[in-house]
Amino acid sequence: PQGLREIGPDGAVRLLRPDGMLLTGYPMAIAATTRDYRDSTLFIQGVRAGRGLIRHAGTVVPGERISAIRLIDDYPLVVTVTSSVDFVLRTWYRSSALFGALAAVTAVFLGLITLSLARQLRIDEELKSVVIESEERLQAIIQSAMDAIIIVDALQRIVLFNAAAEQIFHCPGAEAIGADIGRFIFGHLLELQPGHEAELDAAGAPMRKMGQHLALTGMRADGAEFPIDASVSQVQLHGAGLFIVILRDVTERKQIEAALRENEQRYRTL
């Protein structure tokens, strides 16, 4: 741009982070030379000291330089405008209007950057809000489910224990998280059942149904054992395998079945 050329043939405009790392610069050769200004005189005497105008030795181009430094309000950005002392003095004596042009171009440059950052921040906040809302909705559905739901990682450690599971196993979720699934359920729970694996590989479905209505034994926090009916599915989430276990306490059903068998045997005897 014409305005940026007015800072001289060796002039430069840099956009830095507060930690001294270069984000972009003019001319583009500035960015290719170095991206770390943390140990430079420009950064130490100007940015860290909070000075708006400093006179220092050149960082990239040799010779004495003058740099104007400004921290952008509400953004973690620092803008530096640098030129040689000879050019600055010569230009100043010729016309002070050139500094006004430079200030206008710099203001436009900063304005465009500010608008771009504000737009990106707004998009990030909107995406974050959508993700949080989706996670909260999923958690509400899982926690309100009538069946016990337990999610286990590849090491068979519990990562989710819903409210129904807490009631069945008489164990708070905070205590169950991180525990081995074998603490609560006995049996080959996390193994593919015969006939399922080939069908799943051919279908290529993202969710694998590993077992439906598995008759297993559960153990409550007090050590009491009870029968459960479980189904297991495997899912891939961000490259990691998780197991979703949905189960019910079938103690009452087993008692009814035993009573029916006893009655049937009694009738046969009679």
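Going by the structure above, here's the rest.
A brief report on the enclosed structure follows. Quick caveat, the model's predicted, so the values are computed rather than measured.

The rules behind the values
- Residues numbered from 1 in each chain as written.
- Predicted model: local features only at pLDDT ≥ 70, side-chain atom pairs only at ≥ 80, totals over all residues.
- Heavy atoms only, no water.
- Helix = DSSP H or I, 4+ residues; strand = E, 2+ residues; numbered from the N terminus.
- Buried < 20%, exposed > 50% of the residue type's maximum accessible area, 1.4 Å probe, protein only.
- Contact = heavy atoms within 4.5 Å.
- Salt bridge = Lys/Arg side-chain N within 4 Å of Asp/Glu carboxyl O.
- Pairing = 2+ DSSP bridges.
- Core = buried A, V, L, I, M, F, W, Y, C linked by side-chain atoms within 4.5 Å.
- Axes fitted to C-alpha atoms, helices over the stretch in contact; angles between N-to-C directions.
- 1 Å grid on protein atoms, 1.4 Å probe; cavity = no way out; pocket = protein on both sides within 12 Å on 5 of 7 lines; lining within 4 Å.
- Points joined across faces, edges and corners; volume = space filled by probe spheres on them.
- Nonpolar A, V, L, I, M, F, W, Y, C, P; charged D, E, K, R; others polar.
- Phe/Tyr/Trp six-rings, centres within 6.5 Å; stacked < 30°, edge-to-face > 60°.
- Lys NZ or Arg CZ within 6 Å of the ring centre and 35° of its normal.

1. Section: the overall build of the protein chain
Of the regular secondary structure elements, the protein chain holds nine helices and 11 strands. A buried classification covers 34% of the 270 residues belonging to the protein chain. Contacts in the protein chain between residues at least 24 apart in sequence constitute 39% of all its contacts with a sequence separation of at least 6.

2. A few points about the pattern of salt bridges
Taken as a whole and judged by the stated rule, the model has 11 salt bridges. Here Arg-248 and Asp-147 are joined by a salt bridge, their closest N and O atoms 2.6 Å apart. Here Asp-147 lies in the loop between helix 5 (97-144) and strand 6 (148-152) and Arg-248 lies in strand 11 (residues 240-249), a separation of 101 residues in the sequence. When the shortest N-O distance is used, the salt bridge between Asp-153 and Arg-157 registers 3.1 Å. With relative accessibility at 40%, the residue Arg-157 sits in the partly exposed group. A network of salt bridges, in which partner residues are shared, links Asp-229, Arg-253 and Glu-257.

3. Considerations on the pairing of strand 6
A large share of strand 6 lies buried, amounting to five of its five residues. Alternating positions in strand 6 separate into two faces, Ala-148, Ile-150 and Val-152 on one and Ile-149 and Ile-151 on the other, with burial throughout. With five bridges joining them, strand 6 and strand 11 adopt antiparallel strand pairing. Considered in strand 11, the bridge of Ala-148 is made with Leu-247. Bridge count for strand 6 against strand 7 (residues 158-161) is three bridges, and the pairing is antiparallel. Residue pairing for strand 7: Val-152 is matched across the bridge by Ile-158. Here strand 6 folds back onto strand 7, and the loop between the two strands holds five residues, one of which, Gln-156, carries a positive phi near 65°.

4. Brief notes about the nonpolar core
Formed by 24 residues in total, the largest nonpolar core has its most connected members in Ile-150, Phe-161, Phe-169, Phe-184, Ile-185, Val-245 and Leu-247. Within the residue set of this core, elements represented by two or more residues are strand 6, strand 7, helix 6 (163-169), strand 9 (207-219), strand 10 (225-237) and strand 11. If you look at the next biggest cluster of nonpolar residues, it comprises 11 residues, including Ile-72, Tyr-75, Val-79 and Ile-113.

5. Examining the sheet that holds strand 2 (residues 22-26)
Pairing is antiparallel in the open sheet, where five strands are placed in the order 2-1-5-4-3. With one partner strand each, in any of the chains shown, strand 2 and strand 3 (53-57) form the two edges of the open sheet. Across the sheet, the axes of successive neighbouring strands diverge by a mean angle of 25°, strand direction being ignored. Strand direction decides the pairing type here: strand 3 and strand 4 (residues 64-71), joined by five bridges, are antiparallel. Within strand 4, the position partnered with Ala-57 by the bridge is Glu-64. Running at roughly 160° to strand 3, helix 3 (residues 41-48) makes contact with strand 1 (12-16), strand 3, strand 4 and strand 5 (78-84) of the sheet.

6. Topic: unusual backbone geometry
Glycine aside, negative phi is the norm for most residues, and most peptide bonds take the trans geometry. Phi is positive for Gln-156, close to 65°, though the residue is something other than glycine. The residue Gln-156 is located in the loop between strand 6 and strand 7 in this model. The class of Gln-156 is partly exposed, set by a relative accessible area of 34%. With phi around 55°, His-170 is a residue other than glycine that occupies positive phi space. As for its placement among the helices and strands, His-170 is situated in the loop between helix 6 and helix 7 (173-176).

7. Description of the layout of surface pockets
Over the atoms a probe the size of a water molecule is rolled, and this reveals where empty space is left. Estimates place the volume of the second largest pocket at around 260 Å³. What lines the second largest pocket is Glu-135, Leu-138, Gln-139, Ile-142, Ile-151, Val-159, Leu-160, Leu-237 and Leu-242. Within the residue set of the lining of the second largest pocket, elements represented by two or more residues are helix 5 and strand 7. For the lining of the second largest pocket, the leading source of residues is helix 5, giving four residues. Among the residues forming the lining of the second largest pocket, the class breakdown is seven nonpolar, one polar and one charged.

8. Looking at the packing of aromatic side chains
This structure, assessed with the given rule, holds four aromatic pairs. Pairing Phe-169 with Phe-184 gives two aromatic rings, centres 5.3 Å apart and planes at 70°, and the pair type is edge-to-face. Of the two residues, Phe-169 sits in helix 6 while Phe-184 sits in the loop between helix 7 and strand 8 (185-186), which places them 15 residues apart along the sequence. When sorted by exposure, Phe-169 lands in the same class as Phe-184, which is buried. Following the ring pairs from residue to residue traces out a cluster consisting of Phe-161, Phe-169, Phe-184 and Phe-226. Above the face of the Phe-226 ring, Arg-220 is positioned so that its terminal group lies 3.9 Å from the ring centre.

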